[in-house]
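Notes for the structure review
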Amino acid sequence: PMQEYSCPQCGSTIGGKDHILNPSNRVARTNDATQTGYCLGGPGQREALPTPERTLSPAACAILRALMHCSLIWASCNNETATEGLLDLIYSQVRPREMSKFFWQHLEHDINILSCATGKSKDEACLLLHLVLRDVVLKNPAQSSGMGTYSTLLAKEAREKWEKCFNDAYIQPTLRQLDTSLHEATQLLLNDKKEDRDRLFYMVYERVSVSPNTILPHLWSYRSRITLEHLSQTLKTSKHPILNEFLKQEPILRATQYIPGIVQLQQQLHDLYHRRLDKTEAAQITVGDFVRGLKIEHKKKLFLKKMNCVKTAWTLVKDKLPEYARVRVPPEYLQKVTWDDSLPLSYLIPTLTGPGVCTVALVDLLVGAHNDFMEKCHSELKKKQKTE
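Residues numbered from 1 in each chain as written. Predicted model: local features only at pLDDT ≥ 70, side-chain atom pairs only at ≥ 80, totals over all residues. Heavy atoms only, no water.

1. Here's the deal with the overall build of the chain
Definition in use: Under the scheme used here, helices are H or I runs from DSSP no shorter than 4 residues and strands are E runs no shorter than 2 residues, and both carry numbers assigned from the N terminus. Between two residues, a contact is recorded if the distance between any of their heavy atoms is within 4.5 Å. Reported accessibility uses the Shrake-Rupley method at a 1.4 Å probe radius. Residues are deemed covered only where the shown protein chains occlude them.
Broken down by element type, the chain carries 17 helices and three strands. Looking at the chain alone, contacts between residues at least 24 apart form 60% of all its contacts between residues at least 6 apart. Looking at the chain as shown, the accessible area adds up to about 24900 Å², and 55% of this sits on carbon and sulfur atoms.

Structure representation (C-alpha coordinates):
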(Lines give C-alpha, C1' and ligand atoms only; values in the text may rest on other atoms or scores of the structure.)
Protein backbone atom coordinates (compact mmCIF):
# COMPACT_ATOMS: atom_id res chain seq x y z
CA PRO A 1 0.00 0.00 0.00
CA MET A 2 1.05 3.56 -0.74
CA GLN A 3 -1.84 5.59 0.70
CA GLU A 4 -3.82 5.80 3.91
CA TYR A 5 -7.48 6.74 4.31
CA SER A 6 -9.95 6.77 7.19
CA CYS A 7 -13.02 4.54 7.32
CA PRO A 8 -16.09 6.82 6.99
CA GLN A 9 -18.00 4.68 9.49
CA CYS A 10 -15.58 4.03 12.38
CA GLY A 11 -12.66 6.37 11.58
CA SER A 12 -10.06 3.58 11.58
CA THR A 13 -6.99 3.95 9.37
CA ILE A 14 -7.02 1.87 6.19
CA GLY A 15 -3.99 1.15 4.00
CA GLY A 16 -0.35 2.15 4.59
CA LYS A 17 2.64 4.05 3.24
CA ASP A 18 5.78 3.08 1.32
CA HIS A 19 4.51 -0.47 0.84
CA ILE A 20 4.17 -0.93 4.61
CA LEU A 21 0.72 -1.91 5.90
CA ASN A 22 -0.58 0.08 8.88
CA PRO A 23 -0.14 -2.04 12.07
CA SER A 24 -3.88 -1.80 12.83
CA ASN A 25 -4.71 -3.56 9.52
CA ARG A 26 -4.52 -7.29 8.92
CA VAL A 27 -4.95 -9.64 6.01
CA ALA A 28 -8.57 -10.60 5.49
CA ARG A 29 -9.45 -14.19 6.27
CA THR A 30 -10.51 -16.02 3.13
CA ASN A 31 -10.51 -19.60 4.38
CA ASP A 32 -13.59 -21.41 5.70
CA ALA A 33 -14.10 -20.32 9.34
CA THR A 34 -17.29 -22.35 9.87
CA GLN A 35 -17.36 -23.96 13.32
CA THR A 36 -17.14 -27.74 13.12
CA GLY A 37 -19.34 -30.16 15.01
CA TYR A 38 -22.89 -29.79 16.31
CA CYS A 39 -23.38 -26.03 16.76
CA LEU A 40 -27.10 -25.64 17.56
CA GLY A 41 -26.62 -25.82 21.34
CA GLY A 42 -29.43 -27.02 23.60
CA PRO A 43 -33.07 -27.21 22.45
CA GLY A 44 -33.95 -24.19 24.59
CA GLN A 45 -31.24 -22.06 22.96
CA ARG A 46 -32.63 -22.26 19.45
CA GLU A 47 -34.79 -19.74 17.61
CA ALA A 48 -38.47 -19.72 18.54
CA LEU A 49 -39.73 -18.64 15.09
CA PRO A 50 -39.09 -20.00 11.57
CA THR A 51 -36.01 -18.39 10.03
CA PRO A 52 -34.33 -18.89 6.62
CA GLU A 53 -30.72 -20.05 6.30
CA ARG A 54 -28.57 -19.23 3.26
CA THR A 55 -30.73 -20.14 0.21
CA LEU A 56 -33.13 -22.30 2.24
CA SER A 57 -36.65 -21.19 3.12
CA PRO A 58 -37.77 -21.54 6.78
CA ALA A 59 -39.71 -24.72 5.93
CA ALA A 60 -36.82 -26.28 3.99
CA CYS A 61 -34.41 -25.45 6.80
CA ALA A 62 -36.71 -27.08 9.37
CA ILE A 63 -37.06 -30.22 7.22
CA LEU A 64 -33.29 -30.63 6.77
CA ARG A 65 -32.66 -30.19 10.49
CA ALA A 66 -35.45 -32.64 11.36
CA LEU A 67 -33.95 -35.29 9.05
CA MET A 68 -30.52 -34.65 10.55
CA HIS A 69 -31.88 -35.10 14.08
CA CYS A 70 -33.69 -38.29 13.05
CA SER A 71 -30.34 -39.69 11.91
CA LEU A 72 -28.65 -38.60 15.13
CA ILE A 73 -31.40 -40.20 17.25
CA TRP A 74 -31.03 -43.44 15.35
CA ALA A 75 -27.24 -43.40 15.79
CA SER A 76 -27.43 -42.61 19.52
CA CYS A 77 -29.94 -45.42 20.13
CA ASN A 78 -28.38 -48.19 18.04
CA ASN A 79 -24.62 -47.74 17.96
CA GLU A 80 -22.42 -47.35 21.06
CA THR A 81 -19.38 -46.47 18.97
CA ALA A 82 -21.33 -43.75 17.18
CA THR A 83 -22.53 -42.41 20.54
CA GLU A 84 -18.96 -41.92 21.69
CA GLY A 85 -18.15 -40.09 18.46
CA LEU A 86 -21.22 -37.86 18.82
CA LEU A 87 -20.07 -36.74 22.26
CA ASP A 88 -16.97 -35.26 20.66
CA LEU A 89 -19.11 -33.28 18.19
CA ILE A 90 -21.52 -31.70 20.69
CA TYR A 91 -20.46 -28.50 22.42
CA SER A 92 -23.28 -28.73 25.00
CA GLN A 93 -22.80 -30.78 28.16
CA VAL A 94 -24.75 -33.98 27.46
CA ARG A 95 -24.43 -37.29 29.29
CA PRO A 96 -24.15 -40.38 27.07
CA ARG A 97 -27.38 -41.91 28.40
CA GLU A 98 -29.26 -38.63 27.74
CA MET A 99 -28.05 -38.16 24.18
CA SER A 100 -31.09 -39.68 22.47
CA LYS A 101 -33.37 -37.50 24.63
CA PHE A 102 -31.26 -34.45 23.71
CA PHE A 103 -31.74 -35.05 19.97
CA TRP A 104 -35.39 -36.01 20.45
CA GLN A 105 -36.08 -32.60 22.02
CA HIS A 106 -34.37 -30.96 19.06
CA LEU A 107 -36.56 -33.01 16.69
CA GLU A 108 -39.68 -31.87 18.53
CA HIS A 109 -38.50 -28.29 18.12
CA ASP A 110 -37.93 -28.87 14.39
CA ILE A 111 -41.49 -30.17 14.02
CA ASN A 112 -42.87 -27.15 15.89
CA ILE A 113 -40.90 -24.81 13.59
CA LEU A 114 -42.03 -26.73 10.48
CA SER A 115 -45.64 -26.56 11.66
CA CYS A 116 -45.34 -22.80 12.11
CA ALA A 117 -43.51 -22.28 8.79
CA THR A 118 -46.11 -24.17 6.74
CA GLY A 119 -49.22 -23.19 8.72
CA LYS A 120 -50.03 -26.87 9.26
CA SER A 121 -50.64 -28.94 12.39
CA LYS A 122 -47.82 -30.86 14.08
CA ASP A 123 -49.32 -34.13 12.82
CA GLU A 124 -49.25 -32.77 9.27
CA ALA A 125 -45.67 -31.57 9.78
CA CYS A 126 -44.69 -35.15 10.70
CA LEU A 127 -46.55 -36.42 7.66
CA LEU A 128 -44.65 -33.90 5.51
CA LEU A 129 -41.35 -35.38 6.73
CA HIS A 130 -42.59 -38.84 5.71
CA LEU A 131 -43.45 -37.52 2.24
CA VAL A 132 -39.94 -36.12 1.80
CA LEU A 133 -38.38 -39.39 2.96
CA ARG A 134 -40.64 -41.29 0.55
CA ASP A 135 -39.30 -39.21 -2.34
CA VAL A 136 -35.72 -39.80 -1.18
CA VAL A 137 -36.34 -43.55 -1.37
CA LEU A 138 -38.38 -43.66 -4.57
CA LYS A 139 -36.84 -41.02 -6.81
CA ASN A 140 -34.17 -41.89 -9.34
CA PRO A 141 -30.71 -41.11 -7.87
CA ALA A 142 -29.87 -39.42 -11.17
CA GLN A 143 -32.29 -36.63 -10.21
CA SER A 144 -30.10 -35.78 -7.24
CA SER A 145 -26.82 -35.70 -9.15
CA GLY A 146 -24.39 -33.06 -8.00
CA MET A 147 -24.82 -33.76 -4.31
CA GLY A 148 -21.35 -35.22 -4.04
CA THR A 149 -19.90 -37.74 -1.60
CA TYR A 150 -18.65 -37.51 1.97
CA SER A 151 -15.14 -36.57 0.89
CA THR A 152 -16.39 -33.68 -1.26
CA LEU A 153 -18.60 -32.31 1.55
CA LEU A 154 -15.61 -31.27 3.62
CA ALA A 155 -15.61 -27.87 1.88
CA LYS A 156 -18.19 -25.21 2.77
CA GLU A 157 -19.06 -24.53 -0.87
CA ALA A 158 -19.70 -28.24 -1.47
CA ARG A 159 -22.00 -28.44 1.57
CA GLU A 160 -24.00 -25.45 0.37
CA LYS A 161 -24.26 -27.03 -3.09
CA TRP A 162 -25.42 -30.31 -1.54
CA GLU A 163 -28.19 -28.70 0.52
CA LYS A 164 -29.36 -26.72 -2.53
CA CYS A 165 -29.46 -29.90 -4.65
CA PHE A 166 -31.33 -31.80 -1.92
CA ASN A 167 -33.76 -28.91 -1.50
CA ASP A 168 -34.44 -28.69 -5.25
CA ALA A 169 -34.75 -32.46 -5.73
CA TYR A 170 -36.82 -33.53 -2.72
CA ILE A 171 -38.13 -30.66 -0.56
CA GLN A 172 -39.41 -28.02 -2.99
CA PRO A 173 -41.42 -30.45 -5.17
CA THR A 174 -43.26 -31.62 -2.03
CA LEU A 175 -43.81 -28.09 -0.71
CA ARG A 176 -45.17 -26.89 -4.06
CA GLN A 177 -47.90 -29.55 -3.91
CA LEU A 178 -48.18 -29.54 -0.13
CA ASP A 179 -51.97 -29.42 0.29
CA THR A 180 -52.57 -32.03 -2.40
CA SER A 181 -49.86 -34.35 -1.05
CA LEU A 182 -51.08 -34.07 2.54
CA HIS A 183 -54.67 -34.71 1.47
CA GLU A 184 -53.67 -37.83 -0.48
CA ALA A 185 -51.55 -39.12 2.41
CA THR A 186 -54.38 -38.51 4.89
CA GLN A 187 -56.81 -40.40 2.66
CA LEU A 188 -54.39 -43.33 2.56
CA LEU A 189 -54.25 -43.31 6.35
CA LEU A 190 -58.04 -43.17 6.61
CA ASN A 191 -58.39 -46.09 4.20
CA ASP A 192 -55.65 -48.10 5.91
CA LYS A 193 -56.72 -47.75 9.54
CA LYS A 194 -59.50 -49.67 11.20
CA GLU A 195 -62.33 -47.52 12.53
CA ASP A 196 -62.71 -49.47 15.76
CA ARG A 197 -58.96 -49.08 16.54
CA ASP A 198 -58.73 -45.33 16.05
CA ARG A 199 -62.24 -43.92 16.24
CA LEU A 200 -61.02 -40.44 17.28
CA PHE A 201 -58.98 -40.14 14.07
CA TYR A 202 -62.11 -40.88 12.02
CA MET A 203 -64.20 -38.47 14.08
CA VAL A 204 -61.71 -35.62 13.53
CA TYR A 205 -61.85 -36.12 9.75
CA GLU A 206 -65.65 -36.63 9.84
CA ARG A 207 -65.63 -40.18 8.50
CA VAL A 208 -68.09 -41.39 11.16
CA SER A 209 -71.23 -39.77 12.49
CA VAL A 210 -71.20 -38.43 16.03
CA SER A 211 -74.36 -38.32 18.08
CA PRO A 212 -75.27 -34.74 19.09
CA ASN A 213 -76.46 -36.09 22.42
CA THR A 214 -72.99 -37.26 23.42
CA ILE A 215 -70.75 -34.55 22.00
CA LEU A 216 -70.99 -31.47 19.81
CA PRO A 217 -69.76 -32.71 16.42
CA HIS A 218 -68.30 -29.39 15.32
CA LEU A 219 -65.91 -29.41 18.30
CA TRP A 220 -64.10 -32.37 16.75
CA SER A 221 -64.20 -31.44 13.08
CA TYR A 222 -60.80 -30.54 11.65
CA ARG A 223 -60.12 -27.41 9.62
CA SER A 224 -56.73 -26.10 8.51
CA ARG A 225 -55.59 -22.98 10.36
CA ILE A 226 -55.63 -19.72 8.44
CA THR A 227 -52.28 -18.07 9.14
CA LEU A 228 -49.79 -15.93 7.26
CA GLU A 229 -47.59 -18.99 6.85
CA HIS A 230 -50.50 -20.99 5.42
CA LEU A 231 -51.33 -18.15 3.03
CA SER A 232 -47.67 -17.88 1.98
CA GLN A 233 -47.52 -21.59 1.21
CA THR A 234 -50.79 -21.43 -0.77
CA LEU A 235 -49.70 -18.46 -2.87
CA LYS A 236 -46.35 -19.97 -3.86
CA THR A 237 -48.01 -21.75 -6.77
CA SER A 238 -50.13 -18.77 -7.92
CA LYS A 239 -49.44 -15.45 -9.60
CA HIS A 240 -50.30 -12.65 -7.16
CA PRO A 241 -47.24 -10.37 -7.22
CA ILE A 242 -48.49 -7.78 -4.71
CA LEU A 243 -49.66 -10.37 -2.19
CA ASN A 244 -46.45 -12.35 -2.64
CA GLU A 245 -44.36 -9.23 -2.07
CA PHE A 246 -46.40 -8.35 1.02
CA LEU A 247 -45.93 -11.80 2.53
CA LYS A 248 -42.23 -11.77 1.68
CA GLN A 249 -41.75 -8.44 3.47
CA GLU A 250 -44.45 -8.98 6.12
CA PRO A 251 -42.31 -8.57 9.30
CA ILE A 252 -40.84 -5.30 8.00
CA LEU A 253 -44.16 -3.99 6.70
CA ARG A 254 -45.82 -4.86 10.02
CA ALA A 255 -43.21 -2.74 11.77
CA THR A 256 -43.93 0.31 9.56
CA GLN A 257 -46.97 1.11 11.73
CA TYR A 258 -44.51 2.25 14.42
CA ILE A 259 -42.72 4.84 12.24
CA PRO A 260 -44.72 7.84 13.57
CA GLY A 261 -43.99 6.96 17.21
CA ILE A 262 -40.28 6.42 16.56
CA VAL A 263 -39.89 9.67 14.61
CA GLN A 264 -41.79 11.62 17.28
CA LEU A 265 -39.46 10.19 19.94
CA GLN A 266 -36.39 11.13 17.91
CA GLN A 267 -37.71 14.65 17.39
CA GLN A 268 -38.55 15.06 21.08
CA LEU A 269 -35.06 14.09 22.25
CA HIS A 270 -33.35 16.03 19.48
CA ASP A 271 -35.22 19.21 20.48
CA LEU A 272 -34.39 18.67 24.17
CA TYR A 273 -30.71 17.82 23.91
CA HIS A 274 -29.33 19.07 20.60
CA ARG A 275 -26.17 21.07 21.36
CA ARG A 276 -26.90 20.78 25.09
CA LEU A 277 -25.40 17.37 25.83
CA ASP A 278 -22.16 15.83 24.61
CA LYS A 279 -21.83 12.13 23.89
CA THR A 280 -20.38 11.33 27.32
CA GLU A 281 -23.26 13.00 29.17
CA ALA A 282 -25.88 11.32 26.97
CA ALA A 283 -24.30 7.93 27.66
CA GLN A 284 -24.57 8.50 31.43
CA ILE A 285 -28.31 9.27 31.42
CA THR A 286 -30.53 6.18 31.19
CA VAL A 287 -34.06 5.89 29.88
CA GLY A 288 -35.17 5.23 33.46
CA ASP A 289 -33.55 8.48 34.62
CA PHE A 290 -35.33 10.41 31.86
CA VAL A 291 -38.74 8.89 32.67
CA ARG A 292 -38.35 9.64 36.39
CA GLY A 293 -37.54 13.23 35.46
CA LEU A 294 -40.92 13.64 33.74
CA LYS A 295 -43.24 15.05 36.40
CA ILE A 296 -46.47 14.94 34.41
CA GLU A 297 -47.99 11.46 34.27
CA HIS A 298 -49.46 11.98 30.80
CA LYS A 299 -45.99 12.79 29.40
CA LYS A 300 -44.56 9.65 31.04
CA LYS A 301 -47.21 7.43 29.42
CA LEU A 302 -46.71 9.09 26.04
CA PHE A 303 -42.93 8.64 26.20
CA LEU A 304 -43.25 4.97 27.22
CA LYS A 305 -45.71 4.41 24.37
CA LYS A 306 -43.19 5.81 21.88
CA MET A 307 -40.46 3.76 23.52
CA ASN A 308 -42.54 0.63 23.03
CA CYS A 309 -42.82 1.51 19.32
CA VAL A 310 -39.02 1.43 19.06
CA LYS A 311 -38.72 -1.83 20.99
CA THR A 312 -41.43 -3.65 19.02
CA ALA A 313 -40.18 -2.48 15.62
CA TRP A 314 -36.59 -3.36 16.53
CA THR A 315 -37.60 -6.87 17.57
CA LEU A 316 -39.38 -7.40 14.25
CA VAL A 317 -36.61 -6.22 11.93
CA LYS A 318 -33.25 -6.25 13.72
CA ASP A 319 -32.13 -9.35 11.80
CA LYS A 320 -32.76 -7.48 8.54
CA LEU A 321 -30.78 -4.36 9.45
CA PRO A 322 -27.37 -5.62 8.24
CA GLU A 323 -28.93 -6.77 4.95
CA TYR A 324 -31.29 -3.94 4.03
CA ALA A 325 -30.45 -0.70 5.82
CA ARG A 326 -28.28 1.85 4.05
CA VAL A 327 -27.11 3.13 7.43
CA ARG A 328 -24.67 0.64 8.95
CA VAL A 329 -25.28 -0.51 12.54
CA PRO A 330 -22.17 -1.99 14.24
CA PRO A 331 -22.70 -5.66 15.20
CA GLU A 332 -22.12 -4.97 18.91
CA TYR A 333 -25.15 -2.66 19.00
CA LEU A 334 -27.33 -5.26 17.30
CA GLN A 335 -26.38 -7.83 19.92
CA LYS A 336 -26.50 -5.88 23.18
CA VAL A 337 -29.21 -3.20 22.83
CA THR A 338 -32.19 -4.04 25.08
CA TRP A 339 -34.48 -0.95 24.96
CA ASP A 340 -35.26 -1.08 28.68
CA ASP A 341 -34.84 1.38 31.58
CA SER A 342 -31.10 0.73 31.77
CA LEU A 343 -30.52 1.80 28.15
CA PRO A 344 -28.39 4.97 27.79
CA LEU A 345 -30.32 7.85 26.29
CA SER A 346 -27.63 8.19 23.61
CA TYR A 347 -29.23 5.23 21.76
CA LEU A 348 -32.40 7.26 21.18
CA ILE A 349 -30.86 10.58 20.12
CA PRO A 350 -30.48 10.31 16.31
CA THR A 351 -26.89 10.43 15.04
CA LEU A 352 -25.02 8.90 12.10
CA THR A 353 -22.25 7.52 14.34
CA GLY A 354 -22.27 5.97 17.79
CA PRO A 355 -25.30 4.42 19.56
CA GLY A 356 -27.76 6.91 18.02
CA VAL A 357 -27.29 5.22 14.65
CA CYS A 358 -29.62 2.41 15.82
CA THR A 359 -32.85 4.41 15.56
CA VAL A 360 -31.64 6.21 12.42
CA ALA A 361 -31.02 2.87 10.67
CA LEU A 362 -34.33 1.50 11.96
CA VAL A 363 -36.33 4.41 10.50
CA ASP A 364 -34.32 4.29 7.26
CA LEU A 365 -35.13 0.59 6.84
CA LEU A 366 -38.84 0.98 7.60
CA VAL A 367 -39.36 4.03 5.40
CA GLY A 368 -37.46 2.37 2.54
CA ALA A 369 -39.53 -0.83 2.86
CA HIS A 370 -42.77 1.16 2.89
CA ASN A 371 -41.79 3.20 -0.19
CA ASP A 372 -40.53 0.14 -2.09
CA PHE A 373 -43.79 -1.71 -1.43
CA MET A 374 -45.93 1.24 -2.52
CA GLU A 375 -43.82 1.55 -5.68
CA LYS A 376 -44.34 -2.18 -6.33
CA CYS A 377 -48.12 -1.76 -5.95
CA HIS A 378 -48.14 1.26 -8.27
CA SER A 379 -46.06 -0.58 -10.88
CA GLU A 380 -48.30 -3.67 -10.85
CA LEU A 381 -51.47 -1.57 -11.08
CA LYS A 382 -50.06 0.26 -14.12
CA LYS A 383 -49.30 -3.09 -15.77
CA LYS A 384 -52.85 -4.26 -15.09
CA GLN A 385 -54.37 -1.08 -16.53
CA LYS A 386 -52.34 -1.47 -19.74
CA THR A 387 -53.60 -5.03 -20.27
CA GLU A 388 -57.26 -4.15 -19.70
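2. Focus: the environment of Lys-101
Condition: To sort residues, take the accessible area from a 1.4 Å probe on protein chains only and compare it with the maximum for the residue type: under 20% means buried, over 50% means exposed, and anything in between is partly exposed.
By secondary structure assignment, the location of Lys-101 is in helix H3 (residues 99–118). Using a relative accessible area of 53% as the deciding quantity, one classes Lys-101 as exposed. Separated by 25 residues in the primary sequence, Lys-101 and Ser-76 have C-alpha atoms spaced 9.4 Å apart.

3. A closer look at the packing of helix H4 (residues 122–138) against helix H6 (residues 178–192)
For clarity, the threshold we go by: To get an axis, a line is fitted to the C-alpha atoms, and for a helix only the part in contact is used. The angle between two axes follows their N-to-C directions and goes from 0 to 180 degrees. Note on angle classes: values under 35 degrees are labelled roughly parallel, values over 145 roughly antiparallel, values of 65 to 115 roughly perpendicular, and the remainder oblique. Residues are grouped as follows: nonpolar covers Ala, Val, Leu, Ile, Met, Phe, Trp, Tyr, Cys and Pro; charged covers Asp, Glu, Lys and Arg; every other residue, Gly included, is treated as polar.
Where H4 contacts H6, the axes come no closer than 10 Å and their chain directions differ by 95 degrees. It follows from the interaxial angle that H4 and H6 lie roughly perpendicular. Of the residues in H6, those touching H4 at Glu-124, Leu-127, Leu-128 and Leu-131 are Leu-178, Ser-181, Leu-182, Ala-185, Thr-186 and Leu-189. Its residues placed into classes, the contact of H4 with H6 shows seven nonpolar, two polar and one charged.

4. What to know about helix H5 (residues 156–176)
Stated formally: An expected span of 1.5 Å times one less than the residue number is assigned to each helix. In this scheme, the bend at a residue equals the angle between the axes fitted to the seven residues that finish there and the seven that begin there.
Taking 1.5 Å per residue as the helical rise, H5 with its 21 residues ought to reach 30 Å, and the 28 Å between its terminal C-alpha atoms agrees with that figure. At Asn-167, H5 shows its maximal bend, which comes to roughly 45 degrees. Restricting attention to buried positions, one finds in H5 the residues Glu-163, Cys-165, Phe-166, Asn-167, Ala-169, Tyr-170, Ile-171, Gln-172, Thr-174 and Leu-175.

5. Considering the confidence of the model for the chain
For clarity, the cut-off: Per residue, pLDDT measures the predictor's confidence, with a range of 0 to 100.
Of all residues in the chain, 78% have pLDDT values of 70 or greater, and the mean over the chain is 79. The least confident element of the chain, judged by mean pLDDT, is helix H8 (residues 228–235) at 66; the most confident is helix H14 (residues 297–317) at 90.

6. Points about the packing of H3 against H4
Describing two packed helices takes the angle between their axes plus the distance from one axis to the other. Direction vectors running N to C along H3 and H4 enclose 100 degrees, while the axes themselves pass 8 Å from each other. When the axis of H3 is compared with that of H4, the two are roughly perpendicular. Contacts from Ile-111, Asn-112, Leu-114, Ser-115 and Thr-118 in H3 reach Lys-122, Ala-125, Cys-126, Leu-128 and Leu-129 in H4. The residue makeup of the contact of H3 with H4, split by class, is six nonpolar, three polar and one charged.

7. Some words on unusual backbone geometry
Within the chain, Trp-339 stands out as a residue other than glycine whose phi angle is a positive 60 degrees. Note on placement: Trp-339 falls in the loop between helix H16 (331–336) and helix H17 (357–387).

8. Section: the pattern of salt bridges
Stated formally: Put simply, a salt bridge is a Lys or Arg side-chain nitrogen that is within 4 Å of an Asp or Glu carboxyl oxygen.
For the structure shown, the criterion picks out seven salt bridges. The residue Asp-364 makes a salt bridge to Arg-326 at a minimum N-O spacing of 2.7 Å. With Asp-364 in helix H17 and Arg-326 in the loop between helix H15 (321–324) and H16, the pair connects residues that are 38 residues apart, well separated along the chain. Judged by relative accessible area, which is 16%, Asp-364 ranks as buried. Here Arg-326 falls in the exposed class, since its relative accessible area comes to 71%. The partner of Glu-380 in a salt bridge is Lys-383, and the shortest N-O contact between them spans 3.7 Å. Of the two residues, Glu-380 and Lys-383 are both situated in helix H17; the distance of three residues between them amounts to about one turn of the helix. The class for Glu-380 is buried, based on a relative accessible area of 16%. Through salt bridges that share partners, Lys-376, Glu-380 and Lys-383 make up one connected network.

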